[in-house]
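Chain by chain, the residues run as shown.
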Amino acid sequence: MNRALNFNAGPAALPEAVLAEAEKNWLNFNHSGMAVMELSHRSKEYETIHEQAILLLRDLLSIPDSYEILFLQGGASLQFSMVPMNLLTEGKAGNYILTGVWAEKALKEAEKVGETFISASSKTQQYKSIPTVNAKTSENAAYLHITSNNTIYGTQWQHFPANEGIPLVADMSSDLLSRKLTIENFDLIYAGAQKNLGPSGVTVVIIQKELLSRSSNHLPTMLNYNTYATHNSLYNTPPTLAIYLLKLVLEWAKELGGLTVIEKRNEEKAKILYDAIDCSEGFYLGHAEKESRSKMNVTFNLPDEEIARSFLHQAKKEGFIGLNGHRSVGGCRASIYNAMPVEHVFQLAAFMKKFRRYN
Ligand code: PMP
């Protein structure tokens, strides 16, 4: 069977090898006579999967022992609320750098919890860039929140702000595991799994242990990070199938050569598409400014709406899936996460060249 040319923004393409491995074990996991979904989350078989997923994350991302790795549900969107509920204490302000719709949504949830402060924003520039200069933090900053990759606009932080005494919190939903990272530069990282890590249904949180002392005992149990840290994310039933698939993706990533190889591959893939844009004599117009370009989501426009519609129509006919830009910005977007094969990116670049020639 030919795999689809799947450029969806998330849920997104998963490595074929991972799906094949899951299929092999579908009915009878590890000679248990049961599918993974049928295992008790208190069973030895499931516990092993759970532990392996945590260990692989620790290994691949070089996460020090001073950080907890947690598995939650509710997507990154629940983290928009949990971050301020746990970290935004009385008299302090949640500081936010606005680089897109997801950052705005995170801010909106924090506003419901306590005081907030906008440290920087590129909203007036239609979120075409990352505002790396002029970011100011409030004197009473509880934390500084950023979105490392802006899935909708196709921008990505290239150099992270220094966390000088203020905990740095990052929504890495669309680029965790796609490039090398110094975890110690962050205090809390969260990511919904459905782009680079696995299927939807599990959210990974990496939190500096010291930060856990901020959470009030009055928080609802399931909204307190300590519940997950104390019970190894097994206080209640975790999303066992999603965590199993996450484990398989992490094994695949390790086998590929880890983050050094993955980062290089992602740079190569992004270059193929940005070259197609830059060599088009203005036919394709990238949304993001060059120095802020994302290696995960390549966003671009065409000379006018009619040509853009025709591009998307033709692309669909030729089997390219998910190239429509997000409904809030329009245009086109090619999401090229870790699992996207280089050949599929070459095929898209070739299609872009061909379309340009005939239009
Ligand atoms: N943050 C970013 C950067 C995202 O790309 C998304 C989803 N596309 C979200 C947050 C929201 O994630 P979820 O749907 O898992 O709540």
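As the structure is a prediction and not an experimental result, all values here were calculated from the model.

Asks: Looking at this model, I keep getting lost on the environment of Ala308. Mind explaining?
Replies: Position of Ala308 among the secondary structure elements: in helix 8 (residues 305-317). By C-beta crowding, Ala308 is classed as partly exposed, having 18 other C-beta atoms within 10 Å.

Asks: Honestly, the packing of helix 7 (residues 258-278) against helix 9 (residues 342-357) in this entry has me stumped. Any pointers?
Replies: In contact at an axis separation of 9 Å, helix 7 and helix 9 are set at 5 degrees when each is read in the N-to-C sense. Here helix 9 runs roughly parallel to helix 7, going by the angle between their axes. Residues Arg265, Glu268, Lys269, Ile272, Leu273 and Ala276 of helix 7 pack against Val342, Val345, Phe346, Leu348, Ala349, Met352 and Lys353 of helix 9. Classifying every residue of the contact of helix 7 with helix 9 gives nine nonpolar, no polar and four charged.

Asks: For this particular structure, what's the right way to read the domain arrangement of the chain?
Replies: By a frequent convention, interface size equals the accessible area lost on bringing the separate parts together. Domain parsing of the chain yields domain 1 (16-255) and domain 2 (258-357). Opposite the 24 residues of domain 1 that make contact, domain 2 presents 24 residues. At the level of secondary structure, the elements contributing two or more residues to the side of domain 1 that touches domain 2 comprise strand 6 (149-150), strand 7 (155-156) and helix 6 (240-256).

Asks: Could you clarify how one ought to interpret the site of the ligand in this entry?
Replies: With respect to spatial proximity, the complete set of residues near the ligand consists of Gly10, Gly75, Ala76, Ser77, Trp102, Thr147, Thr151, Asp171, Ser173, Ser174 and Gly192. The element best represented in the shell around the ligand is helix 3 (residues 75-87), accounting for three residues.

Asks: Sorry, what's going on with the UniProt feature "binding site: L-glutamate" (unreviewed entry) in the chain here?
Replies: Here the UniProt-annotated "binding site: L-glutamate" (unreviewed entry) positions come out as Arg42. Along the polypeptide, Arg42 turns up in the loop between helix 1 (16-24) and helix 2 (44-60).

Asks: Just to check I follow, could you spell out the sheet that holds strand 11 (residues 285-286) for this structure?
Replies: Spatially, 11-12-14 is the arrangement adopted by the three strands of the open sheet, whose pairing is antiparallel. Across the chains shown, the open sheet's two edge strands, defined by having one partner strand only, are strand 11 and strand 14 (332-335). Taken together, the two bridges between strand 11 and strand 12 (residues 297-301) define a ladder with antiparallel strand orientation. Each bridged residue has a counterpart across the sheet, and for Leu285 the counterpart in strand 12 is Asn301. Sheet strands touched by helix 7: strand 11, strand 12 and strand 14. Its angle to strand 12, the strand with the most contacts, is close to 10 degrees.

Asks: Got a minute to help me understand the nonpolar core in this structure?
Replies: The nonpolar side chains of a soluble globular protein tend to be buried, and buried together. Counting 99 residues, the largest nonpolar core has Ile189, Ala191, Val204, Val205, Leu246, Val249 and Leu273 as the members making the most contacts within it. Ranked by the residues each element gives to this core, the list is headed by helix 6, at nine residues. Residues from two domains meet in this core; each of domain 1 (16-255) and domain 2 (258-357) gives at least three. For Leu273, the contacting residues outside a window of four places in its chain are Val298, Ala334, Val345, Leu348 and Ala349.

Asks: Please clarify how the sheet that holds strand 8 (residues 168-171) should be interpreted in this entry.
Replies: Each strand in a sheet pairs with its neighbour through backbone hydrogen bonds, running either in the same direction (parallel) or in the opposite one (antiparallel). Reading across from one edge, 2-10-9-8-5-3-4 is the order of the seven strands in this open sheet, with mixed pairing throughout. Where the open sheet ends on each side, the last strands, each with one partner, are strand 2 (67-72) and strand 4 (115-121). In this sheet, neighbouring strand axes are inclined to one another by 20 degrees on average, regardless of whether the strands run parallel or antiparallel. By the bridge criterion, five bridges tie strand 9 (residues 188-192) to strand 10 (residues 203-208) in an arrangement that is antiparallel. Residue Tyr190 lies in a different strand from strand 10, and its bridge partner there is Val205.

Asks: How should unusual backbone geometry be read in this particular structure?
Replies: A negative phi angle characterises most non-glycine residues, just as the trans form characterises most peptide bonds. Omega for the bond connecting Gly10 with Pro11 falls within 30 degrees of zero, at -5 degrees, which places this linkage in the cis form. Along the chain, Pro11 turns up in the loop between strand 1 (5-6) and helix 1. Residue Leu177 is not a glycine yet carries a positive backbone phi of 80 degrees. As for its placement among the helices and strands, Leu177 is situated in the loop between strand 8 and strand 9. You can call Leu177 buried: it has 25 C-beta atoms within 10 Å. With a phi close to 50 degrees, Glu281 is a non-glycine residue in the positive phi region.

The rules behind these values
- Residues numbered from 1 in each chain as written.
- Predicted model: local features only at pLDDT ≥ 70, side-chain atom pairs only at ≥ 80, totals over all residues.
- Helix = DSSP H or I, 4+ residues; strand = E, 2+ residues; numbered from the N terminus.
- Buried ≥ 20, exposed ≤ 12 C-beta atoms within 10 Å, placed from the backbone.
- Axes fitted to C-alpha atoms, helices over the stretch in contact; angles between N-to-C directions.
- Parallel < 35°, antiparallel > 145°, perpendicular 65-115°, else oblique.
- Contact = placed C-beta atoms within 7 Å.
- Nonpolar A, V, L, I, M, F, W, Y, C, P; charged D, E, K, R; others polar.
- Domains from an automatic or database assignment.
- Near = placed C-beta within 6 Å.
- UniProt positions renumbered as here; feature names shortened; annotations may be inferred.
- Pairing = 2+ DSSP bridges.
- Core = buried A, V, L, I, M, F, W, Y, C linked by C-beta atoms within 7 Å.

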